[in-house]
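Chain by chain, the residues run as shown.
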Amino acid sequence: MTDNGDVTFRKMLREWPVQTSLFSFGPVVLAAAQLLNGFYFGSTLTYHALFGVVMVAFAVLVTRHHLVTFRIRQLENESQNF
């Protein structure tokens, strides 16, 4: 059986590039775009900053969920090989 050290973000990014990019980097890019939009048009940055914080927290939680899913699939594949 593998050790927990075998599951890394880099390994998950290599095996699931589209899913990892969308759920890990997409919300962060969206938050940055929203902040720039608020700054450019001169609106209240408080709401844009709160939106950014929520989106970054969402990205962290979804990335952790996908790491767990990736780990489970690795364990299932290893158990089938025995």
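Everything here concerns the structure above.
What you see is a predicted model, and the numbers here were worked out from it, not measured in a lab.

**Overview of the overall build of the protein chain**
What the protein chain contains, in helices and strands, is three helices and zero strands. Start at the N end of the protein chain and walk to the C end: the helices and strands fall as α-α-α. Dimensions of the protein chain along its principal axes, counting C-alpha atoms only, are 60 × 20 × 15 Å. Within the protein chain, the fraction of its 82 residues that count as buried is 22%. Of the contacts formed within the protein chain by residues at least 6 apart in sequence, a portion of 69% connects residues at least 24 apart. Counting only carbon and sulfur atoms, one obtains 67% of the accessible surface of the protein chain, whose full area is about 6100 Å². Taken together, the 6 basic and 5 acidic charged side chains of the protein chain have centroids lying 7 Å from each other.

**A few points about helix H2 (residues 17-41)**
The end-to-end C-alpha distance of H2, which contains 25 residues, comes to 34 Å, matching closely the 36 Å that a straight helix rising 1.5 Å per residue would cover. Of all bends in H2, the biggest is about 40°, found at Phe-25, and the proline Pro-27 comes one to four residues later. Buried within H2 are the following residues: Thr-20, Ser-24, Pro-27, Ala-31 and Gly-38. Among the structural elements, helix H1 (9-15) and helix H3 (45-81) are those in contact with the buried residues of H2. Directly after H2, the chain includes Gly-42, whose backbone phi takes a positive value near 70°.

**What to know about the packing of aromatic side chains**
One pass over the full model with this rule turns up three aromatic pairs. Seen in terms of ring centroids, Phe-9 and Phe-25 are 5.9 Å apart; in terms of plane orientation they differ by 85°. Their pairing is edge-to-face. A residue pair is termed long-range when its members are at least 10 positions apart, and Phe-9 in helix H1 and Phe-25 in helix H2 qualify at 16 residues. For Phe-9, a relative accessible area of 29% translates into the label partly exposed. Between the aromatic rings of Trp-16 and Phe-70, the centroid separation amounts to 5.2 Å while the plane-to-plane angle is 80°, which identifies the pairing as edge-to-face. Of the two residues, Trp-16 sits in the loop between H1 and H2 while Phe-70 sits in helix H3, which places them 54 residues apart along the sequence. Overall, the relative accessible area of 16% leaves Trp-16 in the buried class.

Calculation criteria
Along each chain, numbering runs from 1 in the same order as the chain's sequence is written. Local features in this predicted model are restricted to residues whose pLDDT is 70 or higher, and side-chain atom pairs enter the listing and the counts only when it is 80 or higher, whereas totals over whole chains, interfaces and linings include all residues. Side-chain measures were taken over the full set of non-hydrogen atoms in the model, leaving aside hydrogen atoms and water. Helix numbering and strand numbering both begin at the N terminus, where a helix is a DSSP run of H or I of at least 4 residues and a strand a DSSP run of E of at least 2. Between buried and exposed lies partly exposed: a residue is buried under 20% and exposed over 50% of the maximum accessible area for its type, with that area taken using a 1.4 Å probe on protein chains only. Here a residue-residue contact requires only that any non-hydrogen atoms of the pair lie within 4.5 Å. We get accessible surface area from the Shrake-Rupley algorithm with a probe of 1.4 Å; when it comes to residues, only the shown protein chains can shield them. In this charge count, Lys and Arg are treated as positive and Asp and Glu as negative; neither His nor the chain ends contribute. Taken as the charge location is NZ of Lys, CZ of Arg, CG of Asp or CD of Glu. How far a helix is expected to stretch is found by multiplying one less than its residue total by 1.5 Å. Bend is the name given here to the angle between axes fitted to two runs of seven residues, the run ending at a residue and the run starting at it. Centres within 6.5 Å are what make two rings of Phe, Tyr or Trp a pair, Trp counting through its six-membered ring; a difference in plane orientation under 30 degrees is then read as stacked, over 60 as edge-to-face, and the rest as tilted.

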